[in-house]
Amino acid sequence: MTKRLSFFNLVDLLQNQFDRLPEHRTGKNTTYLIRDAALGAFSVFFMQSPSFLAYQEMMQCNAGHNNATSLFGVETIPSDNQIRNLLDPLEPGYLFGVFGQVSALLEESGELQAYRTYRDNLLIILDGTQYFSSKEIHCANCSHRTHGDETTYFHAVITPVIAAPGNSRVIALEPEFIIAQDGHEKQDCERAAAKRWLEQYGTRYAAFKATLLGDDLFCNQPLCESVLAQKFNFIFVCKPDSHPELYQMVAFLEAHGLVEQFSERVWKGKYAEIFTYRFVNQVPLRAGADALKVNWCELSIQRETTGKITYRNAWATHHEVTRTAVKAIVQAGRTRWKVENENNNVLKTKGYHFEHNFGHGTQHLATFLLTLNLLAFLFHTVLDLTDAKYKLLRDKLRARKTFFDDLRALTRYLYYESWEHLMDFMIANLKLTPPIDSS
Ligand SMILES: [Zn+2]
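For the structure given in this document, a descriptive report is provided here. (Residues numbered from 1 in each chain as written. Predicted model: local features only at pLDDT ≥ 70, side-chain atom pairs only at ≥ 80, totals over all residues. Heavy atoms only, no water.)

### Examining the overall build of the chain
Looking only at helices and strands, the chain features 14 helices and 13 strands. Here the C-alpha radius of gyration of the chain, 24 Å, is about what a compact globule of 439 residues would show, namely 22 Å. Expressed along its principal axes, the backbone C-alpha trace of the chain runs to roughly 80 × 60 × 40 Å. Partitioning the contacts of the chain with sequence separation of at least 6, the portion at a separation of at least 24 is 65%. Of the roughly 20200 Å² that the chain leaves accessible, carbon and sulfur atoms contribute 49%. The averaged location of the 49 negative side-chain charges in the chain is 6 Å from the averaged location of its 46 positive side-chain charges. (Helix = DSSP H or I, 4+ residues; strand = E, 2+ residues; numbered from the N terminus. Rg over C-alpha atoms; globule rule 2.2 N^0.38 Å. Contact = heavy atoms within 4.5 Å. Areas by Shrake-Rupley, 256 points an atom, 1.4 Å probe, with all protein chains shown as cover. Lys, Arg positive; Asp, Glu negative; His and termini not counted. Charge placed at Lys NZ, Arg CZ, Asp CG, Glu CD.)

Below, the structure written as structure tokens:
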């Protein structure tokens, strides 16, 4: 187990960050610390239990101790109302440092090695998601769109994650909130957010050696140039509709026999599929003499018996595409789709509720809570990677989806002096063989 990434140390990182949250109260009503409000909200997300704090409050009254204090370091349990009032004025950027610290520790401890894929690169998926929408509730930081006389308020965010083909654990990085602006297309706002993320974190993550994956909307020249300027590579979906000049060139080269193509038969257990790869290097991404030259590849999958095409997608990349490289590049490109499809999308993962008890707030609450939620998700992933006891329990209870149910019930009725104590209790009562402590 990587001690520096234990539950105790992760919570310690969080507490250090929370200690630096600025005091915004002017009156004497400072019974509840802002740190307790942030830790309390985090604990609700981490335990995936809207009632966690209420139960701990009850345990404190009845037994004089509680798990919010022992596990998360909450000194005085605040109410949901107090949490809302204390956190609403705080910008989510105060929390972002934790993402960088955790990813640096993962890299130092060698945990990211398993995520390295084509040419030793990490794959970072950039994807925009809308996570809140309402016609009534809104805050100072809501985006809005108006149809006729009806206004819809919403929040959207890019949540970059490190992912690898065939690995269900994605590692959340710093989010970037999408700011919708009047007169700007939705995709322009998403690209602008991606560009801000690159400018802010590019240096850090490019040093990890990374390829960015993204949807067709990222496959545009200014964004690709920003990506390259930050020393990332990219594999972006490249659709014909949005890249007519590129596809004209591909068709021209194809007519002259200059687009390479080969097929492979893949046995799927009950039927065979034909995977056909086509690729060509150095084609213009758009019209004009200054067009960026990209390398293009396509995969189509066909049922052998019926000839029916079941999948087709194409990508533009800065990696050179060769006969030996194309399969790995396509596999990397498809990782984005697989993560989405296998429901590992951070924001769509079951059990993560964003605003259940705390409401939307009037200033930053919605974005602050979303960031805490992403941190809770990140911590679970890190523990699953580095904590042998946690991993043992998740592997055992994952199929039955009971891990969080058990956590909720156990911490409601029983007191644990530490996370370690809770894990040991579960392992012992499930009659599992505890992992050997290699530390
Ligand atoms: Zn809002």
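### Quick notes on the pairing of strand E12 (residues 293–303)
E12 sits mainly inside the fold: eight of its eleven residues count as buried. Bridge count for strand E11 (residues 272–284) against E12 is ten bridges, and the pairing is antiparallel. By the bridge assignment, Arg278 is partnered in E12 with Glu298. In this sheet, strand E13 (residues 309–317) lies alongside E12 in antiparallel orientation, the contact comprising eight bridges. Bridge pairing links Gln302 to Ile309 in E13. (Buried < 20%, exposed > 50% of the residue type's maximum accessible area, 1.4 Å probe, protein only. Pairing = 2+ DSSP bridges.)

### Some thoughts on the coordination of the zinc ion
Only Cys139 (SG), Cys142 (SG), His155 (NE2) and His360 (NE2) from the protein reach the zinc ion as donors, at distances of 2.0 to 2.3 Å. Geometry at the zinc ion is tetrahedral, judged from the four donor atoms that bind it and their angles of 103 to 127° at the metal. All donors to the zinc ion come from one chain, and their sequence spacing reads C-x2-C-x12-H-x204-H. Of this pair, Cys142 sits in the loop between strand E2 (128–134) and strand E3 (143–147) while His155 sits in strand E4 (residues 150–158); the two residues are 13 residues apart in sequence, bridging distant segments of the chain. By relative accessible area, which is 14% here, Cys142 ends up buried. (Donors = N, O, S within 2.8 Å, 3.2 Å for Na, K, Ca; no water. Tetrahedral: all angles 85-135°; square planar, octahedral: opposite > 155°, others 65-115°.)

### A word on the packing of aromatic side chains
The final tally for this structure, using the stated rule, is 22 aromatic pairs. Centroid distance Trp197 to Tyr205: 5.8 Å. Interplanar angle 5°. Geometry classified as stacked. Owing to a relative accessible area of 0%, Tyr205 belongs among the buried residues under this scheme. In this structure an aromatic cluster arises from ring pairing among Phe7, Phe42, Phe46, Phe52, Phe72, Phe379 and Trp419. In this structure, Arg145 is placed above the aromatic ring of Phe154, and the distance from its NZ or CZ to the ring centre is 4.0 Å. For Arg334, the ring lying beneath its charged end belongs to Tyr311, and the centroid distance is 4.2 Å. (Phe/Tyr/Trp six-rings, centres within 6.5 Å; stacked < 30°, edge-to-face > 60°. Lys NZ or Arg CZ within 6 Å of the ring centre and 35° of its normal.)

### Remarks on unusual backbone geometry
Not every positive phi belongs to a glycine, and Gln48 is a case in point at roughly 50°. Assignment of secondary structure puts Gln48 in the loop between helix H2 (34–47) and helix H3 (52–63). Here Lys231, not a glycine, exhibits a phi torsion of approximately 65°, which is positive.

### Here's the deal with helix H9 (residues 244–255)
The terminal C-alpha atoms of H9 lie 16 Å apart, and with twelve residues this matches the ideal 16 Å at 1.5 Å per residue to within 8%. If you check which residues of H9 are buried, you get Leu246, Tyr247, Val250 and Leu253. Down the axis of H9, the buried set is contained in an arc of 120°. They therefore lie on one face. Of the residues in H9, the exposed ones pointing more than 90 degrees away from the buried face are Gln248 and Ala255. As for H9, its buried residues are in contact with E11, E12 and E13. Residue Gly257 follows H9 closely and has a positive phi angle near 70°. (Expected span 1.5 Å × (residues − 1). Arc of directions from axis to C-beta.)

### Examining the side chain of Gln230
Summarising the element assignment, Gln230 is placed in the loop between helix H8 (221–229) and strand E9 (233–237). The class of Gln230 is buried, set by a relative accessible area of 19%. In contact with Gln230, other than residues within four places in its own chain, are Leu198, Glu199, Gly202, Thr203 and Ala206.

### Examining the state of the cysteines
Under the definition given, this model contains zero disulfides. Unpaired in terms of disulfides, Cys238 finds its nearest cysteine sulfur in Cys219, a separation of 4.2 Å. You can call Cys238 buried: its relative accessible area is 1%. (Disulfide = S-S within 2.5 Å.)

### Describing helix H14 (residues 419–429)
For H14, the complete set of buried residues consists of Trp419, Leu422, Met423, Met426 and Ile427. Considered in projection along H14, the buried side chains sweep an arc of 130° and stay on one side of the axis. Against helix H1 (7–19), H2, helix H4 (67–72), helix H11 (365–386), helix H12 (388–397) and helix H13 (403–413) lie the buried residues of H14. Backbone geometry just after H14 places Lys431 at a positive phi near 55°.

### Thoughts on the nonpolar core
In terms of nonpolar packing, the biggest core is built from 144 residues, with Phe46, Phe72, Leu87, Phe232, Trp296, Leu372 and Trp419 touching the most fellow members. The dominant element in this core, judged by the number of residues it contributes, is H11, at 14 residues. If we skip the residues at most four places from it in the chain, Trp296 touches Cys238, Leu246, Tyr247, Val250, Val259, Arg278, Phe279, Val280, Val283, Ala314, Trp315 and Val321. (Core = buried A, V, L, I, M, F, W, Y, C linked by side-chain atoms within 4.5 Å.)

### Re the environment of Pro165
If you trace the backbone, Pro165 turns up in the loop between strand E5 (161–163) and strand E6 (171–172). Between the C-alpha atom of Pro165 and that of Arg116, which follows or precedes it by 49 residues, the distance is 9.7 Å. Once residues lying within four places of it in the same chain are set aside, the contact partners of Pro165 are Thr117, Leu123, Gln331 and Thr335.

The values reported here are purely geometric and, on their own, carry no functional implication.
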